[in-house]
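# Structure at a glance
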Amino acid sequence: RDTERERRSGSTQNRKSLMVTPTDIINSFAALLNSTVNYFQQNAWYIVILLILSYYIKKNYLDPFLRNRHFRPEFQRETQFQEDMRTVRLRQQELANKRAKQAEAERKKKIEQEKNRKNKAVISSKGGGDKSGTSSNNTNSFNPLQPWSASSRGYKPTRRTTRRS
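Every value quoted in this text rests on a predicted model; they were computed, and no experiment measured them.

Thresholds, definitions, all that
- Residues numbered from 1 in each chain as written.
- Predicted model: local features only at pLDDT ≥ 70, side-chain atom pairs only at ≥ 80, totals over all residues.
- Heavy atoms only, no water.
- Helix = DSSP H or I, 4+ residues; strand = E, 2+ residues; numbered from the N terminus.
- Buried < 20%, exposed > 50% of the residue type's maximum accessible area, 1.4 Å probe, protein only.
- Areas by Shrake-Rupley, 256 points an atom, 1.4 Å probe, with all protein chains shown as cover.
- Salt bridge = Lys/Arg side-chain N within 4 Å of Asp/Glu carboxyl O.
- Expected span 1.5 Å × (residues − 1).
- Bend = angle between axes of the 7 residues up to and from the residue.
- pLDDT = per-residue confidence, 0-100.
- Polar contact = N/O pair within 3.5 Å; in protein donor to acceptor, adjacent residues only side chain to side chain.
- Phe/Tyr/Trp six-rings, centres within 6.5 Å; stacked < 30°, edge-to-face > 60°.

### Observations regarding the overall build of the protein
- If you tally the helices and strands in the protein, you get four helices and zero strands.
- For the protein, the sequential pattern of α-helices and β-strands runs α-α-α-α.
- Taking all 165 residues of the protein together, the buried fraction comes to 4%.
- Accessible surface, the protein: about 16,400 Å² in total, of which carbon and sulfur atoms supply 56%.

### Some thoughts on the pattern of salt bridges
- For the structure shown, the criterion picks out three salt bridges.
- Residues Asp-63 and Lys-58 are paired through a salt bridge, measuring 3.5 Å at the closest nitrogen-oxygen approach.
- Of the charged contacts, one joins Arg-107 and Glu-104 as a salt bridge, the two residues approaching to 2.7 Å between their closest N and O atoms. Of this pair, Arg-107 and Glu-104 are both found in helix α4 (residues 74-124), three residues apart, which corresponds to roughly one turn of the helix.

### What to know about helix α3 (residues 44-67)
- The terminal C-alpha atoms of α3, which comprises 24 residues, lie 33 Å apart, in line with the 34 Å expected from a rise of 1.5 Å per residue.
- Taken as a whole, α3 carries its principal kink of about 40° at Lys-58.

### Digging into the confidence of the model for the protein
- Model confidence for the protein is summarised by a mean pLDDT of 78, while 64% of its residues fall at 70 or above.
- At the level of individual helices and strands, the protein shows its lowest average pLDDT in helix α1 (residues 2-18), which scores 56, and its highest in helix α2 (residues 22-42), which scores 93.

### Considering the environment of Arg-107
- The class of Arg-107 is partly exposed, set by a relative accessible area of 42%.
- Of the polar contacts made by the side chain of Arg-107, one reaches the side chain of Glu-104; its length is 2.7 Å.

### Description of the packing of aromatic side chains
- Evaluated as defined, the whole model comprises two aromatic pairs.
- Aromatic pair Tyr-56 and Tyr-61: ring centres 6.4 Å apart, planes at 80°, arrangement edge-to-face.
- Residue Tyr-56 is classed as partly exposed on the basis of its relative accessible area of 45%.
- Residue Tyr-61 is classed as exposed on the basis of its relative accessible area, which comes to 54%.

Here you go:
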């Protein structure tokens, strides 16, 4: 019986030693924090030098390496290529629109100049007249409805072409 009691009393002591109290948790956290602070105090200069060196290497070597098109993953290369193509197409479209506007302005200017030239030619022709260049008092001109009224030998039909423009 005594051995059983000793076992029982010993087992309760073991149970108490296995139980974790909140103060034990706080004490272990404080000890961990204390050792971390001591480590940083002892190695502060080494840590600062390591941080500066890693920043320098990242800025001067790692970033340009990753920016290089050949070392990117395939999907990033493809999206970059598509973006580049889109910007090139937009630039080409803007240039084509600009050229089309210039060509349209030049075409309108040429049409206006041609109209002015034709109008001046009609006005400056002998005896004035209508747009076709014939004067209203000239009775010797050719009339296709009355081919015998002209001073020419016979009827001359207009030349017909099959070209369409």
